[in-house]
Amino acid sequence: MRVIKYDDIVARTKALCLDANRHLPADVFGALKRAQEQEVSPLGKNVLDTILENAEIARTKSMALCQDTGMVVVFAEVGQDARIEGGLLTDAIDEGVRQAYDEGYLRKSVVGDPLERVNTGDNTPAVVHVSLVAGDQLRLTVAPKGFGSENMSALRMLKPAEGVQGVKDFIVETVTKAGGNPCPPIIIGVGIGGTFEKAALMAKRSVLREIGSKHPKPHLAQLEEELLELVNKTGVGPQGFGGTQTALAVFVDTYPTHIAGLPVAVNINCHVARHVEAIL
Amino acid sequence: MLTLTTPLRDVKSLRAGDEVGINGVIYTARDAAHQRLVKLIAEGKPLPFPVEGSIIYYVGPTPAKPGEPIGSAGPTTSVRMDGLTIPLLEQGLKGMIGKGGRSPHVIEAMKEHGAVYFAAVGGAAALIAQSIKEVEVIAYPELGAEAVHRMVVENFPVIVAIDSEGNNLYEQGVATYRDPSLKEAK
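Residues numbered from 1 in each chain as written. Chains lettered and ligands numbered in written order. Predicted model: local features only at pLDDT ≥ 70, side-chain atom pairs only at ≥ 80, totals over all residues. Heavy atoms only, no water.

Chemist: I'd like a description of the pattern of salt bridges, backed by residues and values.
Modeler: Residue and element names in this part refer to chain A. For the structure shown, the criterion picks out 25 salt bridges over all chains. Note that K14 is salt-bridged to E103, the shortest N-O span being 2.6 Å. Within this pair, whereas K14 is found in helix α1 (residues 6-22), its partner E103 is found in helix α4 (residues 89-103), the two being separated by 89 residues in sequence. A salt bridge links E77 to R139; its shortest N-O distance comes to 3.8 Å. Of the two residues, E77 sits in strand β2 (residues 71-79) while R139 sits in strand β5 (residues 138-145), which places them 62 residues apart along the sequence. For E77, a relative accessible area of 19% corresponds to the buried category. Three or more residues are tied together by salt bridges with common partners; here these are E77, R139, R205 and E277. (Salt bridge = Lys/Arg side-chain N within 4 Å of Asp/Glu carboxyl O. Helix = DSSP H or I, 4+ residues; strand = E, 2+ residues; numbered from the N terminus. Buried < 20%, exposed > 50% of the residue type's maximum accessible area, 1.4 Å probe, protein only.)

Right, here's the structure in full:
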């Protein structure tokens, strides 16, 4: 059985947190450049120029792209033939987060109790989603999530008869209501089906997909295209100042569901769409 | 691009959509600091900075690296401050910097008191930090990133989002670019 050491998980999580907060993924940068070219609103074009310039400054000066360095979401896929030695996986991840946010001059944005609201001082705990997979490796995906966009996310339990039109209407409504708050242009993750929590998790996970990648199922690939076109008709535009570039991508994931239900979750990510992964 | 120097006096000439560079001093406050400021006003106690003619920036920056005045410092969502804004407008607050729309009651109070709401580009925090030259925590250091900071800024880049007549870029912009084939927003 392959051994993965606690200390290696700490070090890797730390490196991923620092990287994610300072470097915009290449696919997001490319999508923002295309949006800048395609935007019709002159002010929207200026905003997109500013966003692109910000990414360059953050990269060259090793600064955080956004001051909201987020609550850290981690997807950990653990190969069931691997054994983690030296401590708990979640403790290792939290230690990596702690070190990155302290040494990397990142903002500590986590409060320990949601009602008492005292800052934990080190940006822990992370939100960790663990899944068991085949093999003997550990895949870590680190996605710090800012709350300007998280707060604009929504979940609704539709009636089955509302169907695909109901799904479309809900997404357009969510994006329109959100306006400039989630820092458009946004990336939209949609989870359809499953149960209440399954839909939310699918939505969260699907925003990690590479921009430009097509859904393997043709009817969902087509739905993603239609949804992107629809949300870009809302007029929200860059920062909500009006324009044609409201979203850079819409990603859909689905799961079988109950005969009585049609859960739909919409997770909105801002243009600072941070996510990096590593395999141990 | 227009330039403005603090303290602000008359902001009536500013129009929604104007791109502006701000020079001078601005103060930061987010949710927690707003609650404390409003409590001081209600108790008739002095505030930690002169509110008359001032600008409040809704920001919680990242920590400064050694030798730097500040870390990344972009705007946070303004609507969270809407329930706590009017007492400050009544004290003579002239400008607010944040991101996203404002509630109708805040816009009405802005018209009444002659104040303006600026948007900074959300997520452009490293770029915005380049225009912040000096920073000092002047109140509530225990709030960390949410403390009240006094910032000296040069050509701080903002856009007039809602002007003192209530013209609202968020509404005007969306109305201009919304595709008529789309059903009315619920």
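Chemist: Give a description of the packing of helix α6 (residues 163-178) of chain A against helix α8 (residues 218-231) of chain A that names residues and reports values.
Modeler: All names here are of chain A. Running from amino to carboxyl end, α6 crosses α8 at an angle of 40°, the nearest separation of the two axes being 10 Å. One element, α6, and the other, α8, form an angle in the oblique class. Once α6 is placed against α8, the crossing between them reads as right-handed. Every residue of α8 that contacts α6 at V164, K168, I171, V172 and V175 is listed here: L223, E226, L227, L230 and V231. Across the contact of α6 with α8, the residue classes break down as 8 nonpolar, no polar and 2 charged. (Axes fitted to C-alpha atoms, helices over the stretch in contact; angles between N-to-C directions. Parallel < 35°, antiparallel > 145°, perpendicular 65-115°, else oblique. Left-handed = near helix turned anticlockwise from the far one by under 90°. Contact = heavy atoms within 4.5 Å. Nonpolar A, V, L, I, M, F, W, Y, C, P; charged D, E, K, R; others polar.)

Chemist: Just give me the short version of the interface of chain A and chain B, but keep the residues and values in it.
Modeler: Contact residues are listed per partner, giving 44 residues for chain A and 44 residues for chain B. Between chain A and chain B, the buried area comes to about 3500 Å², and carbon and sulfur atoms account for 61% of it. Of all residues in chain A, A:Q67, A:Y105 and A:F241 bury the most surface against chain B, accounting for 21% of the area lost on that side. Here chain A is connected to chain B by 18 residue pairs in polar contact (both at pLDDT 80 or more). Mapped by element, the contributors of at least two residues to the side of chain A that touches chain B are α3 (42-61) and α6 of chain A. For the side of chain A that touches chain B, the element with the highest residue contribution is α3(A), accounting for 11 residues. (Buried area = accessible area lost by both parts, 1.4 Å probe. Polar contact = N/O pair within 3.5 Å; in protein donor to acceptor, adjacent residues only side chain to side chain.)

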